Amino acid sequence: MFERPLKLTHNDDQKVFFTSDSHFRHNQSFIFEARGYKNRYEHDDALIAKINEVVRPQDTLIHLGDFCLNITMPEFEEILRRINCNNILYIWGNHNSCIRRMYEETLAGEYQRNDIEVYPYAVGKITYLGYYKELIVNGHMIVIHHYPIYSWN
């Protein structure tokens with residue numbers, strides 16, 4: 001089935017930003033120390049502050065996977081609450097943790113089955129786009145996914 005690219009506009013009123021691999025709550029020193037932080041909490045606070053310095057509530061933040069790891073639902077919801085952006089588009093990565101459970105539980109509740117995936121699918125301020133998506137931003141085609149391009153056909 002042919003799926004049309006998602007069309008977005010980037011201008012002064014609504015900007016489009018890309019990020020990836022935030023690894024919120026990932027409690028491994030090779031993540032937070034490599035990025036210059038003492039622990040996962042300092043790391044998370046700094047990343048959220050940096051996102052909020054640039055991305056406004058009306059903007060679009062495209063997250064290319066690995067949002068969080070080993071996180072509880074309350075911690076996940078707290079991080080989302082602290083991020084000012086109200087429109088987060090999400091591509092699956094290889095560390096999805098709680099963000100995947102949120103999608104699956106909401107989808108299963110709506111469709112009364114857990115063996116299907118539906119994209120795009122919005123839950124709160126996150127819209128799940130699946131593993132691969134084609135975008136057109138101001139007339140320019142962009143292909144987004146988490147994995148290296150050589151891993152696709």
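Each value, and the rule that gives it
Residues numbered from 1 in each chain as written. Predicted model: local features only at pLDDT ≥ 70, side-chain atom pairs only at ≥ 80, totals over all residues. Heavy atoms only, no water. Phe/Tyr/Trp six-rings, centres within 6.5 Å; stacked < 30°, edge-to-face > 60°. Buried < 20%, exposed > 50% of the residue type's maximum accessible area, 1.4 Å probe, protein only. Helix = DSSP H or I, 4+ residues; strand = E, 2+ residues; numbered from the N terminus. Pairing = 2+ DSSP bridges. Arc of directions from axis to C-beta.

## Focus on the packing of aromatic side chains
Link 1 in the chain: Tallying each qualifying case throughout the model produces five aromatic pairs.
Link 2 in the chain: Aromatic pair Tyr90 and Trp92: ring centres 5.6 Å apart, planes at 85 degrees, arrangement edge-to-face. Of the two residues, Tyr90 and Trp92, both sit in the buried class.
Link 3 in the chain: When the ring of Trp92 is compared with that of Tyr128, the centres are 5.1 Å apart and the planes differ by 20 degrees; the resulting orientation is stacked. With Trp92 in the loop between strand E4 (88–91) and helix H4 (97–111) and Tyr128 in strand E6 (residues 126–130), this residue pair connects regions lying 36 residues apart in the sequence.

## Observations regarding the pairing of strand E8 (residues 140–145)
Link 1 in the chain: Judged from the six bridges that link them, strand E7 (residues 132–137) and E8 form a sheet pairing that is antiparallel. Residue Leu135 lies in a different strand from E8, and its bridge partner there is Ile142.
Link 2 in the chain: The antiparallel hairpin formed by E7 and E8 contains two residues in its connecting segment, where Asn138 sits at a positive phi of about 50 degrees.

## So, helix H3 (residues 73–82)
Link 1 in the chain: Looking only at H3, the buried set comprises Phe76, Ile79 and Leu80. Looking straight down H3, one finds its buried side chains confined to an arc of 100 degrees; they lie on one side. Facing away from the buried surface of H3 by more than 90 degrees, the exposed residues are Pro74 and Arg81.

By themselves, these are just geometric observations and shouldn't be taken as functional.
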